Structure formats: structure tokens, C-alpha cells
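If you want the building blocks of each chain, they are given just below.
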Amino acid sequence: MRLGALYTYWVPLGFVLAVTVIREAVEEIRCYVRDREVNCQIFSRLTARGTVKVKSSNIQVGDLIIVEKNQRVPADMIFLRTSEKNGSCFLRTDQLDGETDWKLRLPVACAQRLPTAADLLQIRSYVYAEEPNIDIHNFVGTFTREDSDPPISESLSIENTLWAGTVIASGTVVGVVLYTGRELRSVMNTSNPRSKIGLFDLEVNCLTKILFGALVVVSLVMVALQHFAGRWYLQIIRFLLLFSNIIPISLRVNLDMGKIVYSWVIRRDSKIPGTVVRSSTIPEQLGRISYLLTDKTGTLTQNEMVFKRLHLGTVAYGLDSMDEVQSHIFSIYTQQSQDPPAQKGPTLTTKVRRTMSSRVHEAVKAIALCHNVTPVYESNGATDQAEAEKRYEDSCRVYQASSPDEVALVQWTESVGLTLVGRDQSSMQLRTPGDQILNFTILQIFPFTYESKRMGIIVRDESTGEITFYMKGADVVMAGIVQYNDWLEEECGNMAREGLRVLVVAKKSLAEEQYQDFEARYVQAKLSVHDRSLKVATVIESLEMEMGLLCLTGVEDQLQADVRPTLETLRNAGIKVWMLTGDKLETATCTAKNAHLVTRNQDIHVFRLVTNRSEAHLELNAFRRKHDCALVISGDSLEICLKYYEYEFMELACQCPAVVCCRCTPTQKAQIVRLLQERTGKLTCAVGDGGNDVSMIQESDCGVGVEGKEGKQASLAADFSITQFKHLGRLLMVHGRNSYKRSAALSQFVIHRSLCISTMQAVFSSVFYFASVPLYQGFLIIGYSTIYTMFPVFSLVLDKDVKSEVAMLYPELYKDLLKGRPLSYKTFLIWVLISIYQGSTIMYGALLLFESEFVHIVAISFTSLILTELLMVALTIQTWHWLMTVAELLSLACYIASLVFLHEFIDVYFIATLSFLWKVSVITLVSCLPLYVLKYLRRRFSPPSYSKLTS
């Protein structure tokens, strides 16, 4: 005998699978379309037949590719030539390293000297390159032209490369393709992000496993009560099919559709405009965050530098005394123009003790020359670009550099009278307060790197022929380079404590022969293929001896809007905030105080720099004696502690109200997230805005990217993208809380719906001598979990216990969720008991009250079941939405309308009688009224925290 129609089993399962497959397919198709779009972009290839069009997917190693301005570079290339007059081009690298500032790139000199791009095909040359690796900041290679006499060999470095994914910001360039496909730097740097499964989904899976266990147990009990008579193993299979409703197949669909609704609500929230949900699978995670790990620069701060301090050792100039600096500069240049024979030029250095004006002038000139900033002129309507460039028009000038610090410094020198007006590959022009143009030839430039922490430049003053080596960098490295002095260390510490980013500026005058000797050794080192960077660094270090200290500069990073109230909200919600930054210890500590990450009454324990196990042991013991204090630790010390005392360190750090890790590498940031997850078992959320935050964002349970000055890389890699840090408060307190509570209610209701009908089937089988006969057949079973109850149950995704304003005002409400109470074994058990009570009441009531025919039992019990479900949804709802009312009435109307077609299962004439109506009413009242009474008593004598706020 068959257990009901086959479609009652495969239709629900087919529907669930279809919804899941369609959702996955839509995401896959979107991915495919995006990939195809990139692969089908058209580029120009230079060939013997002229220029031909080629798809980016057909580009091969060795091709000569032409890339226009504002076009994305399709493959890793060596830069051969440019259409720009100054013989260089700018790159936008925001999608590669997360930095929005332009990078200067230089073509291969012997290729740039050729008359036309077509001549590249006439020369015989080859490129020697290193094997593909993930380092986007370094490159070693050589370009050799064999058909010249003697053969020309040029060294290639990062400055000659155009990595795939970057955008040409100026001119048209020609490059030779070096790496494609999986060998691209950008592809090698992309780690396969782990597929994130929410903690809520894992808990629901666990409950589903328990329900499966219950299904097996109930089936075995039924067969056992038949004393395993006859072919009992077939009976077990029959009961497994009969009670299969215990496992709520529709739960996955309901939750997935709920997540789509939450994502839509987040995107539509006008209070957090520009928010994007990139991962719709984990919105519930936002409601249970225990640890928030945030970047500093660009996330808590604006990455907008303001020049605050110039320190010359004996005197310091702040924002209020910048007019004094201006008058010093003005006096130097007006004095020169009035009295030309007395001095040869502005850079004359006498043995006599220099006056304050000349000291200030030297410092300002060094700041105006020692940088990688390029002034770019743009047309402003009244003046066109070429005209503006010729006349150095102030209103058309914008500065471009690889660091906002540098732009702030150059803008400051402009404000005090020394303006950078022009720059190309080999020269720089400064304008004095008297509109005189000073010309400088750039002989060498040593760019800033994270390893060296400094940058240098060698320039020749065209008016005097003097060669000067300028250098600026972090105090930790510059202290060992400049001549001994007694104020550098102390003043650097003072300025850092004020939250300023400190740079030390130094200079050294070079004789012509001294420079020529250096240049010969430097060129030789740059041509070497093995250990090139080490040899180059050694040659530069030979020049960095006994440099004269000029000044200290202090720039400050402005805080983002509303950072303090947002951090206050998060702290009150029971979320611990850790700040992970690559910045120096003092600056990071200042930002933490400034942003109120560390409250005024909290002590700060600065973890001493440790280098070995015994030092780490002593320092950990010292830290253990402190109570309720914030921890500040550097990346180096952190590494030692995690190497030898991982458990002890994490235990102590997790007890701190706030932790600041400075000088952190991207790998360390990800490691800290991983350790927090492993040690505490709590949920983590990582927030960042740069390419260096991507690994931390992908490692965390919930990654939030801020679209900031450092580009979109973090935002694209994150699960959620916001435009400002202050939006995080609402994202967690309102949307996170609502998503979690709604999903908890929805999942428990779907389970309750399945258990009710299974309990009724169990009671029915028990009464009829444990027969494996289905109570409801055909469409009744399918209709029950779809059109009759689906809409009201799903409308729970619109429910909310408090208004969003109240949730923001009382972040303590969020703290309740961290214990996981909305969905726990306790709440699950309560709903199981409710289901058993209601299922039993309806079934026994129908059996007691039915008159003569079995079909009456079906009519009474099924109608009571539908009404009970609708009333239970109404009982659970806390804030009514008009769609909820529509859903309730629509479901009831659908059931009444469908009775006409269900004469096969239900006696239509019996339904119209008064007897049917009073019986259904009594059964429904008995199944629901006690629960309404219990709810009222609970709200009266033990109200939840949110109800106190809404009453």
C-alpha cells in the first residue's frame, strides 16, 4: 500500500532545491557576466602590419600593447614608451594596493628615445625578468638592446612596470607583456576567500539534526509498540515517510528568502546611504558581534593630513605662528633681491652661525624639495590646461603623490611662500614670494619603502651648481643617520603624544666628485641581477653618513565624523574594540585616546618591546598585575608573545576593555582575528578601508569595508560595505539585532508548524493501533506548508520588538543577544512542548467531537490546525505591519476558497453546518487560549528588557 500520492513528497523537496539552485545560479551567472566583460575588453596590439584590435583574453607574453589614458592595464607589462612630453606617466593603483594616490612610472630610456612607437618592431632586444611572485612593490629585471654597438643594457625596477588592474592616468603608453593569467601579480595576491557560514545557520543545522534523531526514534517506537511484527523493517521505512514532516524542509527556503529581505532593508535604509550587502548569507552575524577589530588610518581617521608643527630644536612653530614662518621666508627672498652681490644665492652656506630666518628657510626649502609630489594642471573653464601649465596658474593646480602626508607638506610650503609649481622626471621648479622661479635638476631619487621607512632626493641648484642630498623619514631610522643631538628623541615623543605623525628632515651638501663616485657605484648596483636591492641599499647607506638635522614636521590625521559616539555605542553594547594599525605606537595611542577608544578614567599599559622569551615572560607578569587597563602593543612584541605564550597572552588581552596593536602587518591582522575566534569562540567583525585590511576582513566572521580614500579594495572584499565608520553603529544595533531576532522567530515557527502536524499524525496512528496510515493526503499536506500558512509565517521577517531609534538609544539591548537567547536549546524545547500540546489537543479534540464519518475528523482537525497556526503568528508578532495583516487575511481567504475544490478530502456540506463551526472554535480556543494567558502573565510579572522601554 502506498503512503499517499508521490507528489506530496517530491514537490516540497523539489521546490526547496529549485529555490536554492536558482539563487546560486543567479550569483554564478552574475560572476560569469562580470568575468566575460573583463575578458572581452578590446585593446590595441602593435604588429608588423600596424595596429590590430585584440581581446584581453587573447593577449600573450611578448605582445606590444597600447593602453590609452583612463584604460585599465590588461596584463603585467614593462613600460616602453609614453606620449607624454615629460617622458613619464602616472598610474592609479587603487584596485591593486588600495591607495588612491597616483604613482609615477618611467619608460625604458632607449625605447622612449626611438622616433615612433612603430620603431619598437625594428630593434632587436629582450627583457630578462624574475620569476612570477606576489610582491607588488618590487621587481628585478634588465632590458637589453642587442642591435646597438655596444649592446645597451638597462636595469628594470618597480618604476618601469605596469601591473594588471592599474589604470593609466596620463598619456598613452606602450608596454611589452611580461606575465598573464595566473602569473599576474594581482591574481597571485588574491587568496581564495573562505566561504562564510553564519553561526545562526550552524545552530539551525544542529536543531535539524536533533529533529532527524527524533524522527528515527518516533518511527522505532511505533514499530516497537507493534512488537516488530511481520516485515517490521518495511514498517520503519513507512513510518519514516509518514513522520518526515518532523524535518522542516521549507526552513532553508524561508531563511534564505528572509536573508534577501534583510539585505534589501539594509540597502534601502536612508540613515545609512550607500551601504552595500555583498554577502546575503550572514546578516544574522551582525546581531551577535563580541569583538570589533578596526583599522585606524582612513577608517577611524579621515586619511586627510593637516600640517600642525614645525620644530627646529630651539624653536617650534604651531598653527597659530605660521605667519612668523611666512615672514622669515619673505625676508630671505626680498633681502636677496635687494642685495645681490652680498650672497651668491639662496643656498649659500657660511661658516657663521646662521640666523633664524636662514634656518627656517633651509627647513622649508628641504620640505619643498624632498618628496615625490607632482603638480598637475587642469583646465578650469577660464584657462585651458596648456596655458595653465605655462603660467603656473594657482587655481588650476592640484598635487598628486603616493602619500597624503607628502601633499600636506607641499601644500604647507605653498602657504608660507615657497610653491612647487613644476616637476618632471629630471627637474623641479619652485616659486618664491617674489615670483622668482628657482630651477633644480633631480639627479637621483630614492623612493619611500616600508622596509627603509625613509625617502631621499639628490638635487642640483641650477643658479649655484650646488648638489644637495635631502632625506626625510621616521624618527626610528633617522636617529641613527643624523649627527648627534640632544633634542630629537624627546621632541619626537612629545609630538607623537599629541597625535601627530612625525617626520625627521635632514640634508647633506655633496661635492661634484663625491656625487660622481656615488653615481658610478649606484648604477653598477642597479644593474646587478642577484641581491640587487641589498647592493643598492648598501650604496645608498654609504651616502647617509653624518647628515645635518634640519627640522621635525608634525602632521595630524583628522578623525572621521561621529567616531566617538559610535565607539561609545559599541562599548555600551558589550562589544570590545581592538584597533590594529600599521602606524607607530605613539600615534596609535594618541588616536585611541582622541577617539575615546580608551576612556579618560582608564589606564594604558604600554607593552615594552620584547625580543626573546624571558623578556616576554617578565612583561606578561607585569601586565597581569594591572586591572581594567587598555593594552598597547607593537607587532614585533606581539609576534614574540604569540610564539611562546599564545594562550596566556590571549587570555589577558581578552580581559582588556580595549587593545591597540600598532606596526601590524596584514598577515598579523588576520592572525589576531583567527586567534580571537579560536580562543573565545565569539563572533568577530573586522572593519577596514585599505588593501592591507583585506586579509583581516576575509578572515573575520563578518567583514565590513569602508569606501575610503585608500580605494575600494577592502569594500569589494567585504561582506558589507559602508561609506562612513559611523554607519556601523546602526548596521549592528538596528539591522543586525533585527535580522537575528527575526530569523530566530521564523526558524522556530517553521519547526513548530512541522512538529504540530507530525504530533497529530503520531496521535492518529496511536489511536488506530499504530497503523502507518496517513492522516492527510494529497494537496492538504502541500497546501498546509505553502499557501495556507507560508505568508503569515514569512511575514515574521517584518516584525520588530522596538523602534530603531530606541535600539540606537539603548545599545544595552544588543548585549542580551550576545548570550544567544533568541534561539537556544531552551527556546527550542519550549516550542517543541507547545507543538506537542497543540497537535495533541487538536487531534484528540477532533476524535472526541467527530460524529459518524472519518472525513469529518479530517475537516475539523485540519481547519483547527490552520486557524491555530494563524493565531500563533498573531500571538508572536510584537509590532504589526500592514503586510502582516494582509498575509493573515489572504491565507484564511485562500483556505476558504480552496475548500470548494477539496471535496475529495473534506465534506463540503458538513463545513457549512453550525456543528462544524462550534467544534472548530472550541478546539482552536483550547489549543491557543492557555498560551495567550501564559504570554500575558509572563509580560506582567517577568517582562523582557525591551518591553520596559516600549511601555
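Owing to the predicted nature of the structure, the values given are computational and were not obtained by experimental measurement.

Some points on the overall build of the protein
Helix and strand content of the protein: 34 helices and 32 strands. With 951 residues in all, the protein has 52% of them scored as buried. Contacts in the protein between residues at least 24 apart in sequence constitute 72% of all its contacts with a sequence separation of at least 6. When the accessible area of the protein is evaluated, it comes to approximately 43,600 Å², of which 57% is carbon and sulfur surface. A gap of 6 Å separates the mean positions of the 96 positive and 98 negative side-chain charges of the protein.

Considerations on the sheet that holds strand β22 (residues 454-461)
Across the sheet, 9 strands lie side by side as β16-β15-β25-β24-β23-β22-β21-β20-β19; this open sheet has antiparallel pairing. Pairing within the sheet leaves two strands with one partner each, and these edge strands are β16 (316-317) and β19 (419-423). Bridge count for strand β24 (residues 500-510) against strand β25 (residues 548-559) is 8 bridges, and the pairing is antiparallel. Bridge assignment links Ala-506 to a residue of β25, and that residue is Leu-549.

Side note on the nonpolar core
Leu-310, Val-325, Val-364, Trp-412, Leu-430 and Cys-551 are the most contacted members of the largest nonpolar core, which totals 43 residues. Ranked by residues supplied to this core, first place goes to helix α9 (residues 356-369) with 7 residues. Apart from the residues within four sequence positions on either side, Leu-310 is in contact with Val-315, Ala-316, Tyr-317, Val-325, Ile-367, Trp-412, Cys-551, Leu-552 and Thr-553.

Describing α9
An ideal rise of 1.5 Å per residue puts 20 Å on 14 residues; α9 measures up with 20 Å between its terminal C-alpha atoms. Of all 14 residues in α9, 12 are buried; the element is thus mostly enclosed. Listed in full, the buried residues belonging to α9 are Ser-357, Ser-358, Val-360, His-361, Glu-362, Ala-363, Val-364, Lys-365, Ala-366, Ile-367, Ala-368 and Leu-369.

Some words on the pairing of strand β20 (residues 427-431)
Judged by how many residues are buried, β20 sits mostly within the fold: 5 of 5 residues are covered. With burial as the criterion, each face of β20 is covered, one bearing Ser-427, Gln-429 and Arg-431 and the other bearing Met-428 and Leu-430. Direction of pairing for β19 relative to β20: antiparallel, over a ladder of 4 bridges. Across the sheet, residue Leu-420 finds its bridge partner in β20, namely Leu-430. With antiparallel pairing between neighbouring strands as the criterion, β19 and β20 make up a hairpin whose turn holds 3 residues. Pairing of β20 with strand β21 (residues 437-446), which is carried by 5 bridges, proceeds in the antiparallel orientation.

Quick word on a positive patch on the surface
A grouping of Lys-815, Lys-819, Arg-821, Lys-826 and Arg-938 is seen on the molecular surface, where their side chains present a positively charged patch. Take Arg-821: it is sitting in the loop between α28 (812-817) and α29 (825-849). Judged by its relative accessible area of 52%, Arg-821 falls in the exposed class.

What to know about the sheet that holds strand β11 (residues 167-168)
Hydrogen bonds between backbone groups are what pair the strands of a sheet, and the pairing can be parallel or antiparallel. With antiparallel pairing, the 3 strands of this open sheet are ordered in space as β6-β5-β11. Taken across any chain shown, the strands that pair with only one partner, and hence form the sheet edges, are β6 (102-105) and β11. Relative to β6, strand β5 (residues 89-92) runs antiparallel, the two being bridged by 4 bridges. Considered in β6, the bridge of Phe-90 is made with Leu-104.

Remarks on unusual backbone geometry
Note that the residue after Asp-149, namely Pro-150, is joined by a cis bond; omega there is -5 degrees. Looking at the secondary structure, you find Pro-150 in the loop between β8 (141-145) and β9 (152-156). Positive phi is not limited to glycine here, since Asp-435 has a value of about 60 degrees. In this structure, Asp-435 sits in the loop between β20 and β21. You will see that Glu-546, though not glycine, has its phi angle at about 45 degrees, which is positive. With respect to the helices and strands, the residue Glu-546 is situated in the loop between α15 (532-543) and β25.

Notes on the environment of Arg-939
Counting through the fold element by element, Arg-939 comes out in helix α33 (residues 914-941). Relative accessible area serves as the criterion here: at 37%, Arg-939 is assigned to the partly exposed category.

Overview of the layout of surface pockets
Quantified by volume, the second largest pocket comes out at close to 1,400 Å³. Surrounding the second largest pocket, 37 residues form its lining, Thr-827, Trp-831, Gln-878, Arg-938 and Tyr-946 being those nearest its centre. Those elements that provide at least two residues to the lining of the second largest pocket are α24 (727-767), α28, α29, α30 (854-876), α33 and α34 (945-950). Ranked by residues supplied to the lining of the second largest pocket, first place goes to α24 with 7 residues. The residue makeup of the lining of the second largest pocket, split by class, is 16 nonpolar, 9 polar and 12 charged.

Quick notes on the pattern of salt bridges
Counted according to the given criterion, the structure contains 30 salt bridges. Close ionic contact of Lys-196 with Asp-719 constitutes a salt bridge, the shortest N to O distance being 2.7 Å. Of the two residues, Lys-196 sits in the loop between α4 (185-188) and α5 (199-225) while Asp-719 sits in the loop between α23 (713-717) and β32 (720-722), which places them 523 residues apart along the sequence. Take Lys-196: its relative accessible area is 13%, and that puts it in the buried class. A salt bridge links Lys-669 to Asp-693; the shortest N-O distance between them is 2.8 Å. Note that Lys-669 is positioned in helix α21 (residues 666-680) and Asp-693 in the loop between β30 (683-688) and α22 (694-699), a separation of 24 residues in sequence. One exposure class covers both Lys-669 and Asp-693, and it is buried. Residues joined in a network through salt bridges with shared partners are Asp-201, Arg-252, Asp-256, Lys-259 and Glu-284.

Quick look at the packing of aromatic side chains
What the rule picks out here adds up to 19 aromatic pairs. Here the aromatic cluster, defined as three or more aromatic residues joined through ring pairs, consists of Phe-446, Phe-469, Tyr-515, Phe-518 and Tyr-522.

Digging into the domain arrangement of the protein
Interface size is commonly expressed as the accessible area that is lost once the parts come together. Split into domains, the protein comes out as domain 1 (1-40), domain 2 (44-189), domain 3 (248-264 + 730-948), domain 4 (291-302 + 558-728) and domain 5 (307-334 + 356-377 + 394-556). Between domain 2 and domain 3, the C-alpha centre-to-centre distance is 65 Å.

So, the side chain of Ser-634
If you trace the backbone, Ser-634 turns up in strand β28 (residues 629-634). Assessed through its relative accessible area of 9%, Ser-634 is described here as buried. Not counting the four nearest positions on each side in its chain, Ser-634 is found in contact with Leu-609 and Cys-662.

What about the confidence of the model for the protein?
In the predicted model, the protein carries a mean pLDDT of 86, and the fraction of residues at 70 or more is 92%. Across the protein, element-level confidence peaks in strand β14 (residues 289-294) with a mean pLDDT of 96 and bottoms out in helix α10 (residues 385-391) with 64. Taken together, the stretch residues 340-353 has pLDDT below 50 and engages in 16 contacts with residues farther than four places along the chain or on a different chain.

Cut-offs and rules
Residues numbered from 1 in each chain as written. Predicted model: local features only at pLDDT ≥ 70, side-chain atom pairs only at ≥ 80, totals over all residues. Heavy atoms only, no water. Helix = DSSP H or I, 4+ residues; strand = E, 2+ residues; numbered from the N terminus. Buried < 20%, exposed > 50% of the residue type's maximum accessible area, 1.4 Å probe, protein only. Contact = heavy atoms within 4.5 Å. Areas by Shrake-Rupley, 256 points an atom, 1.4 Å probe, with all protein chains shown as cover. Lys, Arg positive; Asp, Glu negative; His and termini not counted. Charge placed at Lys NZ, Arg CZ, Asp CG, Glu CD. Pairing = 2+ DSSP bridges. Core = buried A, V, L, I, M, F, W, Y, C linked by side-chain atoms within 4.5 Å. Expected span 1.5 Å × (residues − 1). Patch = residues over 30% accessible without salt bridge, like charges linked within 9 Å, V, L, I, M, F, W, Y side chains within 5 Å. Salt bridge = Lys/Arg side-chain N within 4 Å of Asp/Glu carboxyl O. 1 Å grid on protein atoms, 1.4 Å probe; cavity = no way out; pocket = protein on both sides within 12 Å on 5 of 7 lines; lining within 4 Å. Points joined across faces, edges and corners; volume = space filled by probe spheres on them. Nonpolar A, V, L, I, M, F, W, Y, C, P; charged D, E, K, R; others polar. Phe/Tyr/Trp six-rings, centres within 6.5 Å; stacked < 30°, edge-to-face > 60°. Domains from an automatic or database assignment. pLDDT = per-residue confidence, 0-100.

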